[in-house]
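Next come the chains, spelled out residue by residue.
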Amino acid sequence: MQKILIKGGHVIDLGNGRDTKADLLVEGNRIAAIGDQLTVEGAEVVDAEGCTVSPGFVDLHVHLREPGFEYKEDIFTGTRAAARGGFTSIVCMPNTEPVIDDETGVRFVRDKAGQHGAVRVYPAGAVTKGQKGEEIAEIGLMHEAGAKMFSDDGLPVVSARVMSTALTYSKMFGVPISTHEEDPTLAGDGAVNFGRISTLMGLPGMPEEAETVMIARDLELCRRVGGHLHIGHVSTARSVALIAGAKEDGVNVTCEVTPHHLTLTEDLVRESDYDTNTKMKPPLRTESDRRALVTALREGIIDAVATDHAPHSFDDKDREYIFADNGIVGLETAFALLHDRLVLPGDLPLHRLIEALTAAPARILGVDAGTLREGALADIAILRTDQEWAVNPGDFASKGRNTPLVGWSLTGKVETVLVDGKIVMRGGELL
Amino acid sequence: MAELKSKDVLGLEHMSADEIQLILDTADSMREIIDRPIKQVPTLRGRNVLSLFYESSTRTKISFDLACRYLSAGAVSVAKSGSSLDKGESLRDTVRNVEVMGPELVIMRHPSGGAPHYLAQNVTSSVINAGDGYHEHPTQGLLDMMSVRRRTGTLEGLKVTIVGDLFHSRVARSDIWGFQKMGSEVVVSAPSTLIPPDIEEMGCRVEPRVEDALKDADVVCVLRLQLERQKQSFFPSVREYHALYGINARRLGLARPGALLMHPGPMNRGVEITTDIADGPQSIILDQVPNGVAVRMALLYLLLGGGE
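Please read all numbers here as calculations on a predicted model, not as lab measurements.

Parameters and conventions
- Residues numbered from 1 in each chain as written.
- Chains lettered and ligands numbered in written order.
- Predicted model: local features only at pLDDT ≥ 70, side-chain atom pairs only at ≥ 80, totals over all residues.
- Heavy atoms only, no water.
- Helix = DSSP H or I, 4+ residues; strand = E, 2+ residues; numbered from the N terminus.
- Contact = heavy atoms within 4.5 Å.
- Disulfide = S-S within 2.5 Å.
- Buried < 20%, exposed > 50% of the residue type's maximum accessible area, 1.4 Å probe, protein only.
- Axes fitted to C-alpha atoms, helices over the stretch in contact; angles between N-to-C directions.
- Left-handed = near helix turned anticlockwise from the far one by under 90°.
- Nonpolar A, V, L, I, M, F, W, Y, C, P; charged D, E, K, R; others polar.
- Polar contact = N/O pair within 3.5 Å; in protein donor to acceptor, adjacent residues only side chain to side chain.
- Core = buried A, V, L, I, M, F, W, Y, C linked by side-chain atoms within 4.5 Å.
- Domains from an automatic or database assignment.
- Buried area = accessible area lost by both parts, 1.4 Å probe.
- Salt bridge = Lys/Arg side-chain N within 4 Å of Asp/Glu carboxyl O.

Visitor: I'd like to hear about the environment of Gly227(A), residue by residue, with values.
Guide: Residues and elements named next belong to chain A. Here Gly227 shows up in the loop between helix H7 (208-225) and strand E13 (228-231). For the pair Gly227 and Met172, spaced 55 residues apart in sequence, the C-alpha separation works out to 8.6 Å. Ignoring sequence-local partners within four residues, the contact set of Gly227 consists of Leu167, Ser170, Lys171, Cys222 and Asn252.

Structure, rendered in structure tokens:
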């Protein structure tokens, strides 16, 4: 059996009470041992001196775009981008063409990922047929086919009755319903946050209440009918306050936040002079929203970090601001951005960032990931927290180059990644 | 010699008072040309100007065309309807085509805020924003300032009141930036649904009641009400808008005696403004039109370096 010994790294895996220097032995696809000064005959040694050894990251929110939009991204390139970012398990969203709303779609993605994927892929199935928001999709059959989460992401479930039914029905399978909270009558054709920036730049705005009224609605539905409500990409201070209140009352709700909402604000739209890589849904909000999100992540009110990796072609972004597609790529910059902007200044402890990227999302998804306990699957990310690098989209494995971080200098880099006991990236280079 | 700092005129927000002063002074001399029986001078002979109108426009387009003609610049206009602008050509391709055709100056009107900025970042030609979304309409702001200054001699210390659909108005935004830079105080008033959030950050004061806003105003600028906004439920009816915010003789009487009345046109008579005052002695609306040509001539002259 193949053996890999990761030597001399600082292992952070709080779920198993570990935040110390230790060696880690991988045998086959499992973690065989963790301990001091391990020496193993015939093991391939990975020198992790000066590095942080973390469970592989788990991303609850990725757009792989396949089938249908392979010109933006596909399963091969998207999973390689994930590996470059330290992500070893990802959930891909079903807003493809056709929509992944039946077991055939789920199997297609799983099979393709099994053949060509660099990391584990868990397809999210659509909540409603065709993501039309009218009839619930075959959640049971998709679950049997391997869907671990359900979402109409990209679109809200507008009908409260349909959302209530979906939550009720999903209880049978114990799967989370992940939401894109946006009241379309309030969001309208908004391109940026409604407020100071929309006024100054003369762009249509999406108000924060487009998000919060839908969150309030879904929290009340979940409180009443049960199920597991997972709120995608929260972006406002009020969203966090509503979720905190519901959690206190015992509502079965979890939520995620993106790296960009944690680090960027609407001011970037202005500073960048209408760079369409500042356009996404939900929009970048205010500094006070951003601070509230960071605090909530630190305190665990926000459970997980998820990238909402949204690759687009150059042409889809290279347009007038109001016509450009929404979203930015995130897989390959997530750790560095959050480490540089939140951990280094002292706003977020490294172990909490790692938990929000590993154990927390794995728990939400209900999969065996995000842990370094002995016997667990050997999905591992080795990080250099002292290495500075400049973001160059030309180096991305993703087809999407749509990031507002071009040229940003960030400290913190993913060095080596193991998936299922195999090294998929070494020294920052994909194998 | 004083000059403009940028190759482009995209908005008044980032323009200095000195630059505005220079444009207004230049526009005053251009106005003399317009007032001559023979209006054409050879200043920009051999220079070429392209206009791209992604939104319909009559007044602004004619005004730019005349400005080119009076200065002897060659002018080509493309309107959206029936052109490649209407055939799904990307702005990138339009820009690339513009670049190789080589006009020295491009005028652009577009429904998206920031579209002229995109153009300006990607061509070496000068770009004049002729209105982008509801962001800015700098030539309108400049002609409004010019029209007032020609009557009052200065903009310093004036109280300028802007009434109407501030939410969707690029004219209002350019006026707010411009007049304040020149030392005026700007007060705005509109139904609460038509006041954009945090507009105070632009430095102006919001008076929800139009009567309060008009008190002691030296200049009253009435904005055009786009009637389709009623269908979007920004106000319940034209009748109610007129009753609450329409400018009539009684309301104009709250301003200083002899206060100047402006409107960027086209007017909805009997809605945002009544006919008696629109055509009355305080109105400088018909002055705004030739001043608009003069301001555009001034910009063409300054950007194309006509003096050299």
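Don't stop here, the text continues.
Visitor: Describe the state of the cysteines, with residues and values.
Guide: Residues and elements named next belong to chain A. Scanning the entire structure with this criterion turns up zero disulfides over all chains. Just so you know, Cys255 is unpaired, no disulfide at all, and the nearest cysteine sulfur is the one on Cys222, 12 Å from it. Residue Cys255 is classed as buried on the basis of its relative accessible area of 1%.

Visitor: Any chance you could break down the packing of helix H5 (residues 138-152) of chain B against helix H11 (residues 285-303) of chain B for me, citing the residues and the numbers?
Guide: Residues and elements named next belong to chain B. Where H5 contacts H11, the axes come no closer than 8 Å and their chain directions differ by 115 degrees. Regarding H5 and H11, the two cross each other, and that crossing is right-handed. Residues Thr139, Gln140, Leu142, Leu143, Asp144, Met146, Ser147, Arg150 and Arg151 of H5 lie in contact with H11, whose contacting residues are Asp287, Gln288, Asn291, Gly292, Ala294, Val295, Arg296 and Leu299. Split into classes, the residues belonging to the contact of H5 with H11 amount to six nonpolar, six polar and five charged.

Visitor: A description of the side chain of Thr161(B) should follow, citing residues and the corresponding values.
Guide: Residue and element names in this part refer to chain B. Within the secondary structure, Thr161 is located in strand E5 (residues 159-163). Polar contacts involving the side chain of Thr161 include one to the main-chain carbonyl oxygen of Ala213, which spans 2.8 Å. In this structure, Thr161 is in contact with Val187, Ala213, Leu214, Ala217, Val219, Val220 and Cys221, ignoring residues within four places of it in sequence.

Visitor: Tell me what's going on with the nonpolar core, and back it up with residues and numbers.
Guide: Formed by 99 residues in total, the largest nonpolar core has its most connected members in Leu142(B), Met145(B), Ile162(B), Leu166(B), Met297(B) and Leu300(B). The leading source of residues in this core is H11(B), at ten residues. Those residues in contact with Leu300(B), other than ones at most four positions away along the chain, are Leu44(B), Val49(B), Ala67(B), Cys68(B), Leu71(B), Leu105(B) and Ile128(B). Formed by 74 residues, the second largest nonpolar core is a distinct cluster that contains Ala113(A), Val234(A), Phe335(A) and Leu357(A).

Visitor: So what about the domain arrangement of chain A? Which residues, and what values?
Guide: Size of an interface, as often reported, equals the accessible area lost when the parts are brought together. Residue and element names in this part refer to chain A. You can read the domains of chain A as domain 1 (3-52 + 377-430) and domain 2 (56-365). Distance from the C-alpha centre of domain 1 to the C-alpha centre of domain 2: 25 Å. The interface of domain 1 with domain 2 comprises 38 residues on the first partner and 44 residues on the second. Interface of domain 1 and domain 2: buried area, both sides summed, is about 3,300 Å²; carbon and sulfur atoms make up 65% of it. For the domain 1 face of the interface with domain 2, the top three residues by lost area are Lys399, Asn402 and Pro404, together amounting to 21%. Taken together, the links from domain 1 to domain 2 amount to three salt bridges. A salt bridge links Lys399 to Asp74, with the shortest nitrogen-to-oxygen separation between them at 2.9 Å. Going through the elements one at a time, strand E16 (380-390), strand E17 (409-419) and strand E18 (422-426) are the ones with two or more residues in the side of domain 1 that touches domain 2. Sort the elements by how many residues they give to the side of domain 1 that touches domain 2 and E17 lands first, with nine residues.

Visitor: Go over the interface of chain B and chain A, please, and point to the residues and values.
Guide: At the interface, 24 residues of chain B touch 19 residues of chain A. Buried area between chain B and chain A, both sides added, is near 1,700 Å², and the carbon and sulfur share of it is 55%. Scanning the region where chain B abuts chain A turns up three salt bridges. Note that Arg196(A) and Glu201(B) form a salt bridge whose closest N and O atoms lie 2.5 Å from each other. Our count for the contact surface shared by chain B and chain A stands at twelve residue pairs in polar contact (both at pLDDT 80 or more). Elements represented by at least two residues in the side of chain B that touches chain A include exactly helix H3 (91-101), helix H4 (115-122) and helix H6 (170-181) of chain B. In terms of residue count, the dominant contributor to the side of chain B that touches chain A is H4(B) (four residues). Taken together, the residues that form the side of chain B that touches chain A break down as eleven nonpolar, seven polar and six charged.

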